[in-house]
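Observations on chain architecture
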Amino acid sequence: MSLSREQLAMRVARELQDGYYVNLGIGIPTLVANYVPAGMNVMLQSENGLLGMGQFPTEAELDADMINAGKQTVTAVKGASIFSSAESFAMIRGGHVDLTVLGAFEVDVMGNIASWMIPGKLIKGMGGAMDLVAGADNIVVTMTHASKHGESKLLPQCSLPLTGAGCIKKVVTDLAYVEIADGKFWLKERAPGISVDEIVAKTAGELVVPEVVPEMEF
Amino acid sequence: MSLSREQLAMRVARELQDGYYVNLGIGIPTLVANYVPAGMNVMLQSENGLLGMGQFPTEAELDADMINAGKQTVTAVKGASIFSSAESFAMIRGGHVDLTVLGAFEVDVMGNIASWMIPGKLIKGMGGAMDLVAGADNIVVTMTHASKHGESKLLPQCSLPLTGAGCIKKVVTDLAYVEIADGKFWLKERAPGISVDEIVAKTAGELVVPEVVPEMEF
Amino acid sequence: MAGFNKLVGSYAEAMAGLEDGMTVIAGGFGLCGIPENLIAEIKRKGSRGLTVVSNNCGVDGFGLGVLLEDRQVAKMISSYVGENALFEQQLLAGELEVELTPQGTLAEKMRAGGAGIPAFFTATGYGTPVGEGKEVREFDGRPYILEESIRGDFAIVKAWKGDRYGNLVYRHTAQNFNPMAATAGKITVVEIEELVEPGELEPSQIHTPGIYVDRMIVGSFEKRIEQRTVRAAN
Amino acid sequence: MAGFNKLVGSYAEAMAGLEDGMTVIAGGFGLCGIPENLIAEIKRKGSRGLTVVSNNCGVDGFGLGVLLEDRQVAKMISSYVGENALFEQQLLAGELEVELTPQGTLAEKMRAGGAGIPAFFTATGYGTPVGEGKEVREFDGRPYILEESIRGDFAIVKAWKGDRYGNLVYRHTAQNFNPMAATAGKITVVEIEELVEPGELEPSQIHTPGIYVDRMIVGSFEKRIEQRTVRAAN
């Protein structure tokens, strides 16, 4: 069966390492914070200027001056730091964040990502996404493998305007974990009960399939 | 008589205005702080990261972590701020300092200044001087009008390596106050008892002399 | 020190000199740390044809959103403008121009504008619509695009504590774009929550030195919350 | 949070991995805010052929000056090196290369290096020997030169207070180049005067967030004064 939102987050969480500074995008990426392995510590960076984002506040803790990049009220963990947007993006763009997790509309075999704009629909803007994909060395994209209409989101070439060029190496979808290298997708793991054939059928870009494709375990 | 060091500083101090943020170079420029007119307030910027430099410390106040750009121990006035070198030069290079006073070896009719290097002698470095002359709109150069050997320091073209190009508009020498515009020196004031002829004789670059040249008063 | 007293007596005085067609840089992220009353004064004043540089454009009826009601904004330079129906309507009607700029590039453009740096190279936006028409250059084998800095005729800033010399401290994540905005205005106007005496702020803990500040006023703030998220107390 | 504990047990551990020919960026201005003991460890270790990026090169026998004694430095990138006879001697003998860089450009090069900006335009140095061979471009009718950023294999930094996550606060003007240096090292090593518990430093008052810091050690410091200037007490 294809992965649930929670399983997607759980699978992404396996990319975490102890001591990682991590930026989690809005949506499924945010859920990754719930699946940090026991005994492992990560520190969450929120691009509006907070390193060490904590949980939501209680009513008593609620403070309009304390928000995250999703404009949600949050708290700070002990040892957090708070700084300007320029400092925050110096961190991001200077490659100091260890892992960035974000959603996407499409990725392609060249590591391109489209995640911010669908021409014809209203353009809301890229926010910090272009900075995050350009600045990070280690990015995990998480999304569904295909659209509701069955159209693959893993393409030979992105059809939508790009967020970043040649920057994506790891994709966790509801069907598979795929890496990108040498102008190809490389199938590394499949979701429990999902056949290689289904993944192949739903991957439009060139996909390298090894003899054995391990099944994810949860 | 040609101006003393103190008179040079006094004349430069007349360029101050209430509320000015001022950067004073090492040497005579430093003395300008002693001649701020009564009732006028200026705030001194020291490029190592101090806005609101105060007087030297007493023995009791002495602190190795509290120095100015000349590496002298100093204090901070009430309302001072202390910041990084990047922030300090953002201020300077962004044009936020109202007046910069510095010494020079030579200036020329194009507003070029040479103040940091004499080839053949040891090169100590430019420190912050190139940033100061490039960043400030309002710069006063103070120096002797001619060398000990009588060679003019106000030249058609600087002979020494430049500190900055086309940035100097005001020069206070021991003989005169001269402005630079349209590729010429313009004689504005002469030191008490100094003849226009002497100033003309000691100015190698083209000098425009008005019918009346007021004498400085002290 | 009379010459350094940045306090003004009214919001009208704070925004005096703002003219139609000017560029205004505003601090704030979403509705957090926005100069609420300075924005309201721009609405009251009725200046038109403004270029507004701000990460977001508020929401309908609050923050910079109120400047849309009387069509005062000709152009927005922002990274994200998705919270505002009136914005969408004016954009689709061609009444509003928008220049979408990556958030980090926007922050750096303001900082560079204040710091005398007219342009810088960044990897952000290379190969995307943001990079179109911009110079591309490789450094160490990687392509970067050239981005130019931004300065404003006015910068409007919200701080927490300030002394009359204009030394400022921001509160929590209400800092965001405010320190860069403060450096990038030909005239920088700040509203603060709390006036303190010079010397009360520790010199090395001042976020914005007073040299950047031209005018300051003490205000009171609604501080509307955009996404109210809470957890149950244990 | 074990993974975030930046404390190391010895100076040898702090500088482990430093190899001949590497680039080291050092904080400090004159003798103020210099990482005294990290410099001493580089001397002890004997690494050679180093490129050292620092505003100054200490004085004879103290600060970075001690690295000249055994000719460990191949190249200095500095704005001012006038306080050091041994420096002069090695420079004139051709044993030492020096790249003089305007102080503000040097600070910005370090900041840019840490912030992912490979190059920026600045007016500083245009028309001077510093501008020779560099690209010139006009913006708004004024010429600027293109300067490239600096990164180091190591950055060595001196702070005042720090917690074990590497969050740092600097004391007075000992801040100077330290915050930029901290961002620009592949490995950033900090020595502090006083260790505090995480949470003791107010989050919005931290000068250097721990994300930039790889290793930290608590040291004791001589803090030599270069120009001792005092006034009589009233």
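Residues numbered from 1 in each chain as written. Chains lettered and ligands numbered in written order. Predicted model: local features only at pLDDT ≥ 70, side-chain atom pairs only at ≥ 80, totals over all residues. Heavy atoms only, no water.

Examining the overall build of chain A
Let me state the cut-off plainly: Numbering of helices and strands runs from the N terminus, with a helix taken as a DSSP run of H or I at least four residues long and a strand as a DSSP run of E at least two residues long. A radius of gyration in this sense is built from C-alpha atoms; the matching globule rule multiplies 2.2 Å by the number of residues raised to 0.38. Buried, partly exposed and exposed residues are distinguished by accessible area as a fraction of the type maximum, computed with a 1.4 Å probe on protein chains only: under 20%, between the cut-offs, and over 50%, respectively. Residue contacts follow a heavy-atom distance rule, with two residues in contact if any of their heavy atoms lie within 4.5 Å. The accessible surface values rely on the Shrake-Rupley method and a 1.4 Å probe; as for residues, cover is taken only from the protein chains in view. Asp and Glu count as negative and Lys and Arg as positive, but His and the ends of the chain are not part of the count. Each charge is placed at NZ for Lys, CZ for Arg, CG for Asp and CD for Glu.
Helix and strand counts for chain A stand at five helices and 13 strands. For chain A, whose C-alpha radius of gyration is 17 Å, the value lies close to the compact-globule estimate of 17 Å for 218 residues. Projecting the C-alpha coordinates of chain A onto the three principal axes gives extents of approximately 50 × 40 × 30 Å. Within chain A, the proportion of its 218 residues that are buried is 60%. Within chain A, contacts between residues separated by at least 24 positions form 61% of all contacts whose residues are at least 6 apart in sequence. Put simply, chain A shows about 8400 Å² of open surface, and 51% of that area lies on carbon and sulfur atoms. Distance between charge centres in chain A, computed from 16 positive and 25 negative side chains, equals 3 Å.

Quick notes on the interface of chain A and chain C
To keep things clear, this is the line we draw: As a working definition, buried area equals the accessible area (1.4 Å probe) given up by two parts on being put together, with both sides summed. One side-chain nitrogen of Lys or Arg within 4 Å of one carboxyl oxygen of Asp or Glu is enough to make a salt bridge.
Chain A puts 44 residues into the contact, and the matching count from chain C is 50 residues. Buried area between chain A and chain C, both sides added, is near 4000 Å², and the carbon and sulfur share of it is 60%. One can count five salt bridges joining chain A with chain C. Among the ionic pairs, C:K223 bridges to A:D65, the shortest N-O distance being 2.5 Å.

Here's the deal with the interface of chain B and chain C
Applied cut-off: Each polar contact in these results corresponds to two N or O atoms within 3.5 Å; when the atoms are within protein, one needs to be able to donate a hydrogen and the other to accept it, and residues that are neighboring in sequence are counted only if both atoms are side-chain atoms. Ten residues, namely Ala, Val, Leu, Ile, Met, Phe, Trp, Tyr, Cys and Pro, are considered nonpolar, four, namely Asp, Glu, Lys and Arg, are considered charged, and the remaining ones, Gly among them, are considered polar.
Taken together, the contact between chain B and chain C spans 22 residues of the former and 23 residues of the latter. Between chain B and chain C, the buried area comes to about 1800 Å², and carbon and sulfur atoms account for 62% of it. At the surface where chain B touches chain C, the tally comes to zero salt bridges. Applying the counting rule to chain B against chain C returns eight residue pairs in polar contact (both at pLDDT 80 or more). In terms of residue class, the side of chain B that touches chain C is built from 12 nonpolar, six polar and four charged.

With respect to the packing of aromatic side chains
For any pair of aromatic rings, geometry is given as the distance between the ring centres together with the angle between the planes. Our working rule: Ring geometry is summarised as follows: Phe, Tyr and Trp rings, the Trp one being its six-membered ring, pair when their centres sit within 6.5 Å, and such pairs are stacked at plane angles under 30 degrees, edge-to-face over 60 and tilted between the two. Either the NZ atom of lysine or the CZ atom of arginine qualifies as a charge over a ring when it sits within 6 Å of the ring centre and within 35 degrees of the ring normal.
In the structure shown here, the tally under the stated rule is eight aromatic pairs over all chains. Ring centres of D:F139 and D:Y144 lie 5.8 Å apart, and the angle between their planes is 70 degrees; this geometry places the pair in the edge-to-face category. On the accessibility criterion, D:Y144 (12% relative accessible area) is buried. One aromatic cluster in this structure is built from A:Y21, D:F4 and D:Y165. When the ring centre of D:Y144 is taken as origin, the NZ or CZ atom of D:R142, which lies over that ring, is 5.7 Å away.

Considering the packing of helix α3 (residues 85-93) of chain B against helix α5 (residues 103-114) of chain D
Selection rule: Axis definition: a line fitted to C-alpha atoms, limited for helices to the stretch in contact. Angles are taken between N-to-C directions and run from 0 to 180 degrees. Should an angle fall under 35 degrees it is called roughly parallel, over 145 degrees roughly antiparallel, and 65 to 115 degrees roughly perpendicular, with every other angle called oblique. Handedness of a crossing is defined here by the sense of rotation of the near helix relative to the far one, left-handed for an anticlockwise turn of less than a right angle and right-handed for a clockwise turn.
For the pair α3(B) and α5(D), interaxial distance at closest approach is 9 Å and the crossing angle is 125 degrees. Classed by the angle they form, the pair α3(B) and α5(D) counts as oblique. As α3(B) runs across α5(D), the sense of the crossing is left-handed. Here B:S85, B:A86, B:F89 and B:R93 of α3(B) lie close against α5(D), whose contacting residues are D:Q103, D:G104, D:T105, D:A107 and D:E108. Considered class by class, the residues forming the contact of α3(B) with α5(D) number three nonpolar, four polar and two charged.

A look at the environment of B:A114
Residues and elements named next belong to chain B. Tracing the backbone through its elements, the reader meets A114 in strand β7 (residues 113-114). Note: C-alpha distance between A114 and H149 (35 residues apart in sequence) is 18 Å. In contact with A114, other than residues within four places in its own chain, are A104, F105, E106, C158, L160, P161, L162 and T163.

Overview of helix α3 (residues 85-93) of chain A
An α-helix turns once every 3.6 residues. As a result, residues three or four positions apart point the same way. Residues and elements named next belong to chain A. By the criterion of burial, α3 is predominantly enclosed, with eight of the nine residues buried. Those residues of α3 not exposed but buried are S85, A86, S88, F89, A90, M91, I92 and R93. Once α3 ends, the next one or two residues include G95, with phi positive near 80 degrees.

Considering the pattern of salt bridges
For the structure on display, the rule yields 56 salt bridges over all chains. A salt bridge links D:R137 to D:E135, with the nearest nitrogen and oxygen atoms 2.8 Å apart. Linked by salt bridges that have partners in common, A:D63, A:D65, C:K158, C:R171, C:E193 and C:K223 make up one network.

Considering the side chain of A:Q45
Residue and element names in this part refer to chain A. When you line up the elements, Q45 lands in strand β2 (residues 42-46). A distance of 3.1 Å separates a polar atom in the side chain of Q45 from a polar atom in the side chain of S88. Once you skip the residues sitting within four places of it in the chain, Q45 turns out to touch V22, N23, L24, L50, L51, F83, S88, M91, I92 and V97.

Focus on the sheet that holds strand β6 (residues 106-108) of chain A
Residue and element names in this part refer to chain A. The test is simple: Should DSSP find at least two bridges between two strands, the strands are regarded as paired.
If you trace the three strands from one edge of the open sheet to the other, you get β7-β6-β9, paired in mixed fashion. Edge positions in the sheet fall to β7 (113-114) and β9 (154-155), since each has one partner strand and no second. As paired strands, β6 and β7 are joined by two bridges and run antiparallel to one another. Each bridged residue has a counterpart across the sheet, and for E106 the counterpart in β7 is A114.

Nothing here speaks to function; it is all geometry.
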